[in-house]
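Summary of structural features
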Amino acid sequence: MKECDLQKVDQVNALLEGSPESRDQEWRERFFDAVIDASFRIQEPAVIQGPDGFPYVALYSPGPYESFESYCICNLLEFLLESGFGVVINP
């Protein structure tokens, strides 16, 4: 199992703060590079229904100095694919 990276959560958060219009190919590459092993937390309910009717595992950025169980997409990928779940960040 790969180690999740807490610093990459800061990168993901910074990228998501930008406007949707700024999300070009370079932005997408930086986002996917950071989000795959960024360290997120899960809260109940872990799976939520999206506006499209599909199920999503909800991942949340941890707060500063917050103690939490760490989850990252790279370690959840097999479960997500087998279950047919998407991922939503900070819904």
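Provided above is the structure to which this section pertains.
Rules used throughout
- Residues numbered from 1 in each chain as written.
- Predicted model: local features only at pLDDT ≥ 70, side-chain atom pairs only at ≥ 80, totals over all residues.
- Heavy atoms only, no water.
- Helix = DSSP H or I, 4+ residues; strand = E, 2+ residues; numbered from the N terminus.
- Rg over C-alpha atoms; globule rule 2.2 N^0.38 Å.
- Buried < 20%, exposed > 50% of the residue type's maximum accessible area, 1.4 Å probe, protein only.
- Contact = heavy atoms within 4.5 Å.
- Phe/Tyr/Trp six-rings, centres within 6.5 Å; stacked < 30°, edge-to-face > 60°.
- Disulfide = S-S within 2.5 Å.
- Polar contact = N/O pair within 3.5 Å; in protein donor to acceptor, adjacent residues only side chain to side chain.

From N to C terminus, the chain includes 3 helices and 3 strands. Start at the N end of the chain and walk to the C end: the helices and strands fall as α-α-β-β-α-β. Over its C-alpha atoms the chain spans a radius of gyration of 13 Å, differing by no more than 12% from the 12 Å that the globule rule assigns to 91 residues. Taking the principal axes of its C-alpha atoms as reference, the chain extends roughly 35 × 30 × 20 Å. Looking at the chain residue by residue over its 91 residues, the buried ones come to 29%. Across the chain, contacts joining residues at least 24 apart in sequence account for 63% of those joining residues at least 6 apart.

Taken as a whole and assessed by the stated rule, the structure comprises 3 aromatic pairs. Look at tryptophan 27 and phenylalanine 31: their rings are 5.1 Å apart centre to centre, the planes differ by 5°, and that puts the pair in the stacked class. Here phenylalanine 31 and tryptophan 27 lie together in helix 2 (residues 25-35), a separation of 4 residues that amounts to about one turn. When sorted by exposure, tryptophan 27 lands in the same class as phenylalanine 31, which is buried. Geometrically, the ring pair formed by phenylalanine 79 and phenylalanine 85 is edge-to-face, given 5.6 Å between the ring centres and 65° between the ring planes. Each member of the aromatic cluster is reached from another via a ring pair, and the members are Trp27, Phe31 and Phe32.

The subject of this paragraph is the state of the cysteines. A covalent bond between the sulfur atoms of two cysteines is what we call a disulfide. Considering all chains together, one arrives at 1 disulfide under this definition. Paired through a disulfide, cysteine 4 and cysteine 72 show a sulfur-sulfur distance of 2.3 Å. Its S-S torsion of about -75° marks the bond between cysteine 4 and cysteine 72 as left-handed, since a negative value means left-handed. Of this pair, cysteine 4 sits in the segment before helix 1 (6-17) while cysteine 72 sits in the loop between strand 2 (55-59) and helix 3 (73-83), and the two are 68 residues apart along the sequence.

What follows deals with the side chain of arginine 41. Assignment of secondary structure puts arginine 41 in the loop between helix 2 and strand 1 (47-49). On the basis of relative accessible area, arginine 41 is assigned to the buried category, the value being 18%. A polar contact is formed between the side chain of arginine 41 and the side chain of glutamate 66, at a distance of 3.3 Å.

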